[in-house]
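Residue-level listing of the chains:
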Amino acid sequence: MPARVFHGTIIHSRGPSDLLILESSVLVVSDNGKITNVILGIPKERVPSLLSSLNIPSSAKIRYLSPRREFLIPGFVDTHNHAPQWAQRGLGQSMHILEWLEQVTFPNEARFADPAYARRIYSDCVESFLRQGVTTASYYGSMHAEATTILADLCWEKGQRALVGKCNMDRNAPPYYRDSSVEASLADTEACIAHVRRIDPQGALVQPVLTPRFAISCTPALLEGLGQIAGANPHLPIQTHFNEAEQEMRFTAELFPEFRGSEADLYAHYGLLSSRSILAHCCHMSEHEMRRVQELGCGVAHCPVSNMTVGGGFMAAPVRDFLSRGIKVGLGTDSGGGFSSSILDAMRQALVASNAREVMSEGRDKGLDIGELFFLATLGGARVCGLEDKIGNFEVGKEFDALVINANAPGGIMTMLEDEDSPRTIFDKFIMTSDDRNITEVYVRGRSVKP
Ligand code: GUN
Ligand code: FE
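What you are looking at is a predicted structure, and each value in this text was computed from that prediction instead of being measured. (Residues numbered from 1 in each chain as written. Chains lettered and ligands numbered in written order. Predicted model: local features only at pLDDT ≥ 70, side-chain atom pairs only at ≥ 80, totals over all residues. Heavy atoms only, no water.)

A. Summary view of helix 2 (residues 97-109). Its 13 residues place the ends of helix 2 only 15 Å apart at the C-alpha level, less than the 18 Å of an ideal helix rising 1.5 Å per residue. The largest bend in helix 2 amounts to roughly 30 degrees and is located at Gln-103, with the proline Pro-107 lying one to four residues further along. Buried residues along helix 2 sit in contact with strand 6 (76-82), helix 3 (115-131) and helix 7 (246-255). (Helix = DSSP H or I, 4+ residues; strand = E, 2+ residues; numbered from the N terminus. Expected span 1.5 Å × (residues − 1). Bend = angle between axes of the 7 residues up to and from the residue. Contact = heavy atoms within 4.5 Å.)

As structure tokens, this is what we get:
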């Protein structure tokens, strides 16, 4: 018995330069949320007979997408998101990273010691990301174990696919917002991992992720302990900040002179770099680090909005170079850093950053095109999060994480449609000028989750 059938225009990506726009297509979702059929070129009037030939009962819910105006795309993947920064967005935008952490972020994140506060903010955070089409998020929690378990519970209840990690930080943070010891930090981490595995034993929706904030905030003993947890849990993803800003890189090099300025060597030394690693930012990469990240199969969470506001300077990560080398890349909102929690904005700012990079590289690294931006927001992000077998596009067998787009939503401000617009033109208008009003339905594993 299928849960849902869609008919109309379906748009998805098979790779950075492989955008597919499939008109008059049928997509069938089973009641366990998996895509069972994608059949191209079926006129609307032939849908019932097609469904009966597939033994799909006539009682199946069929959603006919309005021609031209509506289309289906995969859900967005936010590969780097600080849930406890949800209520501080917009603050301290021109500060350098270490001052921003100390003056704005740590005092704010410290409030998550209060479980009632955590529940209120996280509830709004998860709902708002779902409303904006973020069907998967890789979340940093605060340093608090209880608040982090609340975040995982809320993702599970509200139906958002998520990686959720307690943030590890036992130094270079104020005494009121710092893990009390290496042992306490590791014990809280293990407790959070166990909690997430208890609520979702198969990791069907919510998974734990190791989350050392960055090397500056972790003592060598803590990094070592986290590396041991990574070694003992071969499928556990790992996330951290990596070569984000010059100020951060200088201080890291002072704290760990033995790695001679290479964060790749630093994190690799502690067993934290592998194909399970999600490295946020990667703005400044030496040739050596590029090679290490490539060899080890790490993924990059590109956060262009944050990189051009909070941090210090105008940081444009070398995304074209990552793609050319086959390094996994997705987009992050870094919600908290930066002014926007929208993956649509992240796509647009990734275009700006790539254009800056084209100038900086004297034309060698070409700017990204819209198909590539869309890939980063969907399949690219799924690869970075280790979820490419489950989500990222509409391959048969994957789970149905999807958005219904209405290009002519009431009260919206997307570029108006003209009679002569091709589906590709409408898609480009959507990517560059829409907002969440154009995202009218949101599905995760086949379940409708738009708040
Ligand atoms: N580096 C360490 N912590 C943070 C954070 O919360 N945001 C950003 N952008 N960078 C960081
Ligand atoms: Fe961040």
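B. Looking closely at the packing of helix 3 against helix 4 (residues 145-158). Interhelical geometry of helix 3 versus helix 4 gives an angle of 35 degrees and a closest axis separation of 9 Å. The two elements helix 3 and helix 4 cross, and the hand of that crossing is right-handed. Between helix 3, through Pro-115, Ala-118, Arg-119, Tyr-122, Ser-123, Val-126, Glu-127 and Leu-130, and helix 4, the contact on the second element is made entirely by Glu-146, Ala-147, Ile-150, Leu-151, Leu-154, Cys-155 and Lys-158. Its residues placed into classes, the contact of helix 3 with helix 4 shows 10 nonpolar, 1 polar and 4 charged. (Axes fitted to C-alpha atoms, helices over the stretch in contact; angles between N-to-C directions. Left-handed = near helix turned anticlockwise from the far one by under 90°. Nonpolar A, V, L, I, M, F, W, Y, C, P; charged D, E, K, R; others polar.)

C. Main features of the sheet that holds strand 8 (residues 161-165). A sheet is described by the order of its strands in space; here 4 strands give the open sequence 6-7-8-10, paired in parallel fashion. Of all the strands in the sheet, the pair left with one neighbour each is strand 6 and strand 10 (206-208). Strand-to-strand twist of the sheet, defined as the mean angle between neighbouring strand axes without regard to direction, takes the value 15 degrees. Relative to strand 10, strand 8 is paired through 3 bridges, and the arrangement is parallel. Note on strand 10: the bridge partner recorded for Val-164 is Pro-208. (Pairing = 2+ DSSP bridges.)

D. Local environment of the coordination of the iron ion (ligand 2). Protein coordination at the iron ion (ligand 2) comes from His-80 (NE2), His-82 (NE2), His-241 (NE2) and Asp-334 (OD), with a distance range of 2.1 to 2.3 Å. Each of the 4 donor atoms bound to the iron ion (ligand 2) contributes to angles spanning 87 to 179 degrees, and the resulting shape is irregular. In terms of primary sequence, the donors binding the iron ion (ligand 2) are separated according to H-x1-H-x158-H-x92-D. Taken together, the positions of His-80 in strand 6 and His-241 in strand 12 (residues 238-242) put the pair 161 residues apart, joining distant regions of the chain. The class for His-80 is buried, based on a relative accessible area of 1%. The exposure class of His-241 is buried, given its relative accessible area of 6%. (Donors = N, O, S within 2.8 Å, 3.2 Å for Na, K, Ca; no water. Tetrahedral: all angles 85-135°; square planar, octahedral: opposite > 155°, others 65-115°. Buried < 20%, exposed > 50% of the residue type's maximum accessible area, 1.4 Å probe, protein only.)

E. Quick look at the site of ligand 1. Near ligand 1 the following residues occur: His-82, Gln-85, Ile-97, Trp-100, Leu-101, Arg-213, Phe-214, His-241, Glu-244, His-281 and Asp-334. His-82 places a side-chain nitrogen or oxygen 3.4 Å from an oxygen atom of ligand 1. Here a nitrogen atom of ligand 1 sits 2.7 Å away from a polar atom, N or O, in the side chain of Glu-244. Burial of ligand 1 by the surrounding chains reaches 100%, relative to a free accessible area of 280 Å². Among the elements that take part in the shell around ligand 1, helix 2 stands out by supplying 3 residues, more than any other. Classifying every residue of the shell around ligand 1 by side-chain character gives 4 nonpolar, 4 polar and 3 charged. (Near = heavy atom within 4 Å. Polar contact = N/O pair within 3.5 Å; in protein donor to acceptor, adjacent residues only side chain to side chain. Areas by Shrake-Rupley, 256 points an atom, 1.4 Å probe, with all protein chains shown as cover.)

F. How the structure looks around the sheet that holds strand 15 (residues 328-331). Pairing in this open sheet of 4 strands is parallel, and the strands run 12-13-14-15 from one edge to the other. The open sheet has two free edges, formed respectively by strand 12 and strand 15, since each of these has just one partner strand. When strand polarity is set aside, the average angle formed by the axes of neighbouring strands in this sheet is 30 degrees. With 5 bridges connecting them, strand 12 and strand 13 (residues 277-281) associate as parallel partners. Each residue of the ladder has a partner; that of Ile-238, found in strand 13, is Ser-277.

G. Just the pattern of salt bridges, in detail. Under the defined criterion, the tally for this structure stands at 21 salt bridges. In this structure, the salt-bridge partner of Arg-213 is Glu-109, at a minimum N-O distance of 2.9 Å. Pair noted here: Arg-213 is in the loop between strand 11 (211-212) and helix 6 (220-232) and Glu-109 is in helix 2, with a separation of 104 residues, a long-range link. Where Arg-437 meets Asp-435, a salt bridge forms, and the shortest distance between an N and an O atom there is 2.6 Å. Where salt bridges share partners, they join Arg-161, Glu-399, Asp-401 and Arg-445 into one cluster. (Salt bridge = Lys/Arg side-chain N within 4 Å of Asp/Glu carboxyl O.)

H. Seen up close, the packing of aromatic side chains. Tallied over the full model, the rule gives 14 aromatic pairs. Centroid distance Phe-106 to Tyr-177: 5.8 Å. Interplanar angle 50 degrees. Geometry classified as tilted. With Phe-106 in helix 2 and Tyr-177 in the loop between strand 9 (167-168) and helix 5 (182-199), this residue pair connects regions lying 71 residues apart in the sequence. For the pair shown, Phe-106 and Tyr-177 are each scored as buried. An aromatic cluster of at least three residues, connected via ring pairs, comprises Phe-6, Phe-394, Phe-400 and Tyr-443. Seen from the ring of Tyr-64, Lys-44 lies directly overhead, with NZ or CZ sitting 4.9 Å from the centre. The ring centre of Trp-86 lies 3.6 Å from the NZ or CZ of Arg-89, which sits over that ring. (Phe/Tyr/Trp six-rings, centres within 6.5 Å; stacked < 30°, edge-to-face > 60°. Lys NZ or Arg CZ within 6 Å of the ring centre and 35° of its normal.)

I. Main features of the side chain of Thr-135. By secondary structure assignment, the location of Thr-135 is in strand 7 (residues 134-140). By relative accessible area, which is 1% here, Thr-135 ends up buried. In this view, Thr-135 contacts Gly-75, Phe-76, Gln-160, Arg-161, Asp-401, Leu-403, Val-442, Tyr-443 and Val-444; residues no more than four positions away in its chain are not counted.

J. Representation of unusual backbone geometry in the model. In this structure, Glu-362 is a non-glycine residue whose phi angle is positive, near 50 degrees. Tracing the sequence through the fold places Glu-362 in the loop between helix 12 (343-360) and helix 13 (370-384). The exposure class of Glu-362 is exposed, given its relative accessible area of 77%. Here Arg-445, not a glycine, exhibits a phi torsion of approximately 50 degrees, which is positive. Residue position: Arg-445 is located in the loop between strand 17 (439-444) and strand 18 (447-448).

K. A look at helix 7. Among all positions of helix 7, only Gln-247, Glu-248, Met-249 and Thr-252 are buried. Buried residues along helix 7 sit in contact with helix 2 and helix 8 (263-269).

Remember, this is a structural readout, not a statement about activity or role.
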